[in-house]
Amino acid sequence: MPRSTKPVRTDLVAFFGALSLFFATLEYLFPKPIPFFRLGLSNLPLLVSLGFFSFREQLLLLLLKVVGTGIVNGTLASHVFLFSTGATLASFLVMYGLYRVLPTRAVSLTGISLAGALASNAVQILLAMTIVYGPASGVVAPWYFGLGTFTGLAMGWGAETFQNHSKWYGRLRGQG
Amino acid sequence: MAKAKPYKKRADRLSSRVHPTVRFFWGLGLLACLVFAGGWEARGILMFLGMALALASGKRVSLPYFAFLIFTVVLFNLLLPEGKVWVQLGPWPVTEGAFFLGLGKGCTFAGLVFFSLASISRDLHLPGKFGALWAKTFSWYEQLMDERRVLKPRALLMSIDRLLERLYPTRPGAISSHEPEVHQHRKAATRVSGWVLVTLTLVPALVLSVVWR
């Protein structure tokens, strides 16, 4: 892949990073129906910016999201940070790869989000099996993937609705 | 759907005593003691120390969440029998070794989160270009948190659009500068009471992790 020479739009990346943190905080404030269950609202900015951020900008946004969430929630020095980084990186690589490799009409943003959520879940289960709970924890994998399917579809639908109806987003893409 | 709890900041009793950078390294030291502690007893004591510090730092600590975390770690460890059999539940032997191994692990992971909650402050200064970018991001985050009440569930998309436009204008003719107001918080140096707290926690934790092996 040729290396992009376009300058990184740091202001816009920082703004999207702030949106990620904002959504992470909103999610943190809501009681969880199931322990460890996360909707993944903070992934929405990553998802909607796939269309106009370069690979470098996306990576920077990802870094801001994981480090920022670690600082704001105070989990930077715990295993939670490792889980968050692994899961976000895996889902980003899958989502970015699908978005760039497949033709636009072949897969919707909901499909991309679903693939990203499942990749994130797979990494989290692997980390849970190797670091926290041991190999026996693999028994919860089907339930976990079931929840991941639900959250992936929900986030994808949300991102697609925003992308199609937000005037702010439309103007931003027009400037891009 | 459960109602969201109001966003309420709790008092951080550590920030006025310990500088964010000292606090960060203090936390790392305590984390190392926890990780290298030998028995489940030492890890349990350190976990409770972490919980006390996390509460003192004003962070939200959900006890059911951590109880569930420890319970599930123990449960999954019990699936792999080890040591003396306590009780036989059908084909499944509940063993002493697996139980205490799980308990030690559970206390470690809960303790890691507690120490992290206590030691990571929002005022932590990150160096270099990334630090500058982080300062910008955090400033926008604070503005979003301040204005979050303008979001209306009944007209969510419209209210989100309005909020985004206000903070990051995209309309033709709108102010083109997208620089957020970055506040430089100068944090005071660590006070004597802060150093006393650091010493009174770090030294016993170190002794505990070295002696109880």
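J.: Is there a simple way to think about the overall build of chain A in this case?
T.: Regarding its fold elements, chain A presents 7 helices and 0 strands. Scanning chain A from its N terminus toward the C terminus, one meets helices and strands in the order α-α-α-α-α-α-α. In chain A, buried positions account for 42% of the 176 residues. Put simply, of all contacts in chain A between residues at least 6 apart along the chain, 71% involve residues at least 24 apart.

J.: Even after reading the chapter, I still don't get the overall build of chain B, so can you show me in this structure?
T.: Helix and strand counts for chain B stand at 7 helices and 2 strands. Each helix and strand of chain B, ordered N terminal to C terminal, gives the series α-α-α-β-β-α-α-α-α. Taken across its 213 residues, chain B has 32% of its residues classed as buried. Of the contacts formed within chain B by residues at least 6 apart in sequence, a portion of 73% connects residues at least 24 apart.

J.: Would you mind showing me how to read the pairing of strand β2 (residues 92–95) of chain B here?
T.: The two faces of the sheet receive side chains in turn, since in a regular strand these alternate between them. Residues and elements named next belong to chain B. Pairing between strand β1 (residues 85–89) and β2: 4 bridges, direction antiparallel. By the bridge assignment, V85 is partnered in β2 with T95. The turn joining β1 and β2, which pair antiparallel and follow one another in sequence, is formed by 2 residues; a positive phi near 65 degrees is taken by G90.

J.: Would you mind showing me how to read helix α4 (residues 79–101) of chain A here?
T.: In an α-helix, one turn spans 3.6 residues, which is why side chains three or four residues apart end up on the same side. All names here are of chain A. Helix length check: α4, at 23 residues, gives a terminal C-alpha distance of 33 Å against a target of 33 Å (1.5 Å per residue), a fit within 8%. All of the buried residues in α4 are F81, S84, A87, T88, S91, F92 and M95. At its buried positions, α4 is contacted by α2 (44–48), α3 (55–73) and α5 (109–132).

J.: Would you mind going over the nonpolar core with me for this structure?
T.: Burial of nonpolar side chains together is a common tendency in soluble globular proteins. L34, L46, A110, F114 and F115 of chain B are the most contacted members of the largest nonpolar core, which totals 44 residues. Tallying contributions element by element places helix α4 (residues 96–119) of chain B first for this core, with 12 residues. With sequence-adjacent residues up to four places away left out, L46 of chain B is seen in contact with C33, L34, A37, G111, A205 and L208 of chain B. Counting residues in hydrophobic clusters, the runner-up holds 41 residues, among them L19, L44 and F92 of chain A together with L133 of chain B.

J.: Is there a simple way to explain the interface of chain A and chain B in this structure?
T.: Often the size quoted for an interface is simply the accessible area lost on bringing the parts together. Taken together, the 38 residues of chain A in the interface contact 43 residues of chain B. Sort the elements by how many residues they give to the side of chain A that touches chain B and helix α1 (residues 10–29) of chain A lands first, with 10 residues. Tallied by class, residues from the side of chain A that touches chain B come to 21 nonpolar, 14 polar and 3 charged.

J.: Whenever I open this one, the confidence of the model for chain B confuses me. Can you help?
T.: Detailed reading of the predicted coordinates is not advisable wherever pLDDT is low. Residues and elements named next belong to chain B. When pLDDT is averaged along chain B, the result is 85; 88% of the residues meet or exceed 70. In this model residues 1–5 is a low-confidence stretch, pLDDT under 50, and it forms 4 contacts with partners more than four residues away in sequence or in other chains. Interface scoring of the predicted complex returns ipTM 0.87; its pTM is 0.78.

J.: Explain helix α2 (residues 40–56) of chain B to me, please; I cannot follow it from the model alone.
T.: All names here are of chain B. The end-to-end C-alpha distance of α2 is 24 Å, a good match for the 24 Å that 17 residues give at a rise of 1.5 Å each. Turning to α2, its buried residues are W40, A42, R43, L46, M47, L49, G50, M51, L53 and A54. Buried-residue contacts for α2 involve α1 (20–36), α4 and α7 (192–211). Positive phi shows up at G58, right after α2, with a value of about 85 degrees.

J.: Looking at this structure, I do not really get the domain arrangement of chain B. What am I missing?
T.: Here the domain parsing of chain B yields domain 1 (20–125 + 189–211) and domain 2 (128–167). A separation of 35 Å is found between the C-alpha centroids of domain 1 of chain B and domain 2 of chain B.

J.: Just to check I follow, could you spell out the confidence of the model for chain A for this structure?
T.: Across chain A, pLDDT averages 86, with 89% of residues at or above 70. Summarising per-element confidence for chain A, the mean pLDDT is lowest in helix α7 (residues 167–175) of chain A (86) and highest in α2 of chain A (93).

J.: Is there a simple way to think about the packing of α3 of chain A against α4 of chain A in this case?
T.: The packing of two helices is summarised by the inter-axis angle and the distance between the axes. Residues and elements named next belong to chain A. Interaxial distance between α3 and α4 falls to 10 Å at its minimum, and their mutual angle equals 160 degrees. With respect to their mutual orientation, α3 and α4 come out roughly antiparallel. Of the two elements, α3 crosses α4, and the hand of that crossing is right-handed. Touching F55, Q58, L62, K65, V66, T69 and G70 of α3 are F81, S84, T85, T88, L89, F92 and Y96, all from α4.

J.: For this particular structure, what's the right way to read the environment of G97 of chain A?
T.: Position of G97 of chain A among the secondary structure elements: in helix α4. Distance in space between the C-alpha atoms of G97 of chain A and I112 of chain A is 9.4 Å, their sequence separation being 15 residues.

The rules behind these values
- Residues numbered from 1 in each chain as written.
- Chains lettered and ligands numbered in written order.
- Predicted model: local features only at pLDDT ≥ 70, side-chain atom pairs only at ≥ 80, totals over all residues.
- Helix = DSSP H or I, 4+ residues; strand = E, 2+ residues; numbered from the N terminus.
- Buried ≥ 20, exposed ≤ 12 C-beta atoms within 10 Å, placed from the backbone.
- Contact = placed C-beta atoms within 7 Å.
- Pairing = 2+ DSSP bridges.
- Expected span 1.5 Å × (residues − 1).
- Core = buried A, V, L, I, M, F, W, Y, C linked by C-beta atoms within 7 Å.
- Nonpolar A, V, L, I, M, F, W, Y, C, P; charged D, E, K, R; others polar.
- pLDDT = per-residue confidence, 0-100.
- Domains from an automatic or database assignment.
- Axes fitted to C-alpha atoms, helices over the stretch in contact; angles between N-to-C directions.
- Parallel < 35°, antiparallel > 145°, perpendicular 65-115°, else oblique.
- Left-handed = near helix turned anticlockwise from the far one by under 90°.

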